[in-house]
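Here are the chains, one letter per residue:
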Amino acid sequence: MKKRIGFIICFLVFLLGIDYLFFRKIQFLLPNESPWNTNHFFNFLYEYERIRSLPKTKKRIIIVGSSVAYYSIDAKALEKVLFEKYSLDVDVFYLAYAGNSPLYVYLLLGWLEPLAPDLVVYPVNFIDYRLHRTYVLFPEGRNDTVEESVMVQDALTFTEAPQSLWVFPWETIREVGSAMDMETFSRYLVSSAFHFYRYKDIFEQNLQNLFQHRFGRNTSYHSYMGVSIPEGVNGLGWTGKQFSFFPTKKMEEKGFWLEVTEFLLSGSTCQIEFSNGETKQIVELNQPRWTKIQLDPAFFRAKKQITATLARVWYAHEASGAYLDYHWDPMGVRLEQTFGLEKPKNGVQYIREPRTEDFRYSGMDDETYTRYFYYRLLEGLEKRPGIGYLVALKNAKERIRNEKFRPIFHFDYIQKIADHFRNRNISFLLINNPENPISLRWYEGSDWYKDHLQYLQSLESGSVHFWDIHNALPMQGFSDFHHFTYVGMEQMNSIYAERIGNLFPK
């Protein structure tokens, strides 16, 4: 009996050791080849481990929050402006990911202590409070009367907050475990104990990336991470009528892949011409599929830029199926994910690069933008179920303007976050971040909006600061209700820098 118990104990120790060694340590030593705005939770964990491993040699600013935060501030650009204009030599880091609500920012606070931040910045917007969920769950319900415990339960569902199980299982149990049913509690307990269970759905994506980038075609991906294309490329890798690039040894040996759609072909072939001014090659595209391109060897005799020109383009709003999208950008072909690179990029989990959709509103007047806004974001729900959350947000803003402000649940956690930093005398900047003037009009003039601002303002004291800049950016700086385009982010950079710079003693 003693031998059997000893064997079980040894097996459990071995299992926990392997679990900790591989899933907690080794996987974060591998290069991270998941691009910005993908594989959110692995990128977050990878970035946390990276920051924790760095010796602190400068003051640290850490930006927390949701996609509202990481679409708003360029960390490196902010560092540069703070140094040049305010003589502040600081490191700026992100610890933000999509869908991160105040509850989970609160659960993150214990993780921040080893990083020793000198300032924590938290930009928030309406989406972060998850208030639209009340109307999704209760079509006739109201946020000023809904039962808070029901919203807590909803926030713990895997669909609404996978990070609670993947990133913060133990912290979630400690905070709201009493609100869980036994099945949910058991899942969180197992996730807390075993890293292989906790990370099973997120770590494999990076392994797939590593394998694909070295041995695959790189034709299955969510976000483009190849070379910069002078004429521009969109976030999914689609070009316009032209795209330029430099030849590489990898291209010479293996060629490269382009996706061709039936909408480009329009029932016939489409020519694509490659030229560097000396050599010219014409390829007939005749099948709607990923097509391998092998360039003429003459292109590789000199490292001269090659320009590819398509005979025509297609438009996503005229397409169907997976290619349907409500925008008016001319589309060409899709590039493979690591196009033009000899080696894939790594460590770019929080580095944002400009894409063609970031510039589509430049120079657009308010009337045209407004018409485009409604068309692109809110029309065609039956064909585009993915915009359902935007429709729900619009409905929520229009309904909440007739309600009284009630600071429950996520607002309670903002209070707890503020108290945490105040009690430790760590500078904390809470920002009511800019919102698109169009969606802002739906509820800005209401008592609810005014009272919610007063509540956030009331949190300011000691080391806690509040900053309301909800109308600081014109509509052309937004890609939707609350996310900045790259151009909008650049416009806001100096504004953030001035406020942040003034928080440090001169």
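All of these numbers come straight from a predicted model, not from anything done at the bench.

### Quick notes on the packing of helix α15 (residues 366-378) against helix α16 (residues 388-400)
- One way to put it is that α15 packs onto α16 with a least axis distance of 9 Å and a crossing angle of 120°. As the angle between them shows, α15 and α16 are arranged oblique. In contact with Y374, L377 and L378 of α15, α16 contributes L390, V391 and K394.
- Its residues placed into classes, the contact of α15 with α16 shows five nonpolar, no polar and one charged.

### Considering empty space enclosed by the protein
- Applying the stated criterion to the full structure yields four cavities of 30 Å³ or more.
- A volume near 240 Å³ is recorded for the largest cavity.
- Considering the residues around the largest cavity, the lining is formed by 26 residues, among which Y129, R130, L131, F409 and H410 are closest to the centre.
- Looking at the lining of the largest cavity, the elements that each hand over two or more residues are α6 (132-137), α7 (148-155) and α17 (410-424).
- The element best represented in the lining of the largest cavity is α7, accounting for three residues.
- Each residue belonging to the lining of the largest cavity can be placed in one class, and the counts come to twelve nonpolar, six polar and eight charged.

### Things to note about the domain arrangement of the protein
- Considered domain by domain, the protein is made up of domain 1 (1-29), domain 2 (31-148 + 385-503) and domain 3 (238-343).
- For domain 1 versus domain 2, the separation of C-alpha centres amounts to 40 Å.
- On the side of domain 2, six residues touch domain 1, which itself brings four residues to the contact.
- Regarding the contact of domain 1 and domain 2, the summed buried area is about 450 Å², with carbon and sulfur atoms giving 55% of it.
- On the domain 1 side of the interface with domain 2, the three residues burying the most area are R24, Q27 and F28, jointly 82% of the side's total.
- Summed over the shared surface of domain 1 and domain 2, the number is zero salt bridges.
- Counting across the domain 1 and domain 2 interface gives zero residue pairs in polar contact (both at pLDDT 80 or more).

### Digging into the packing of helix α4 (residues 75-86) against helix α20 (residues 486-501)
- Contact geometry of α4 with α20 gives a least axis separation of 9 Å together with a crossing angle of 60°. One element, α4, and the other, α20, form an angle in the oblique class. Handedness of the α4/α20 crossing: right-handed. Of the residues in α20, those touching α4 at A77, L78, V81, L82 and Y86 are N493, Y496, A497, E498, I500 and G501.
- When the residues that make up the contact of α4 with α20 are grouped by side-chain class, the tally is eight nonpolar, two polar and one charged.

Rules used throughout
- Residues numbered from 1 in each chain as written.
- Predicted model: local features only at pLDDT ≥ 70, side-chain atom pairs only at ≥ 80, totals over all residues.
- Heavy atoms only, no water.
- Axes fitted to C-alpha atoms, helices over the stretch in contact; angles between N-to-C directions.
- Helix = DSSP H or I, 4+ residues; strand = E, 2+ residues; numbered from the N terminus.
- Parallel < 35°, antiparallel > 145°, perpendicular 65-115°, else oblique.
- Contact = heavy atoms within 4.5 Å.
- Nonpolar A, V, L, I, M, F, W, Y, C, P; charged D, E, K, R; others polar.
- 1 Å grid on protein atoms, 1.4 Å probe; cavity = no way out; pocket = protein on both sides within 12 Å on 5 of 7 lines; lining within 4 Å.
- Points joined across faces, edges and corners; volume = space filled by probe spheres on them.
- Domains from an automatic or database assignment.
- Buried area = accessible area lost by both parts, 1.4 Å probe.
- Salt bridge = Lys/Arg side-chain N within 4 Å of Asp/Glu carboxyl O.
- Polar contact = N/O pair within 3.5 Å; in protein donor to acceptor, adjacent residues only side chain to side chain.
- Left-handed = near helix turned anticlockwise from the far one by under 90°.

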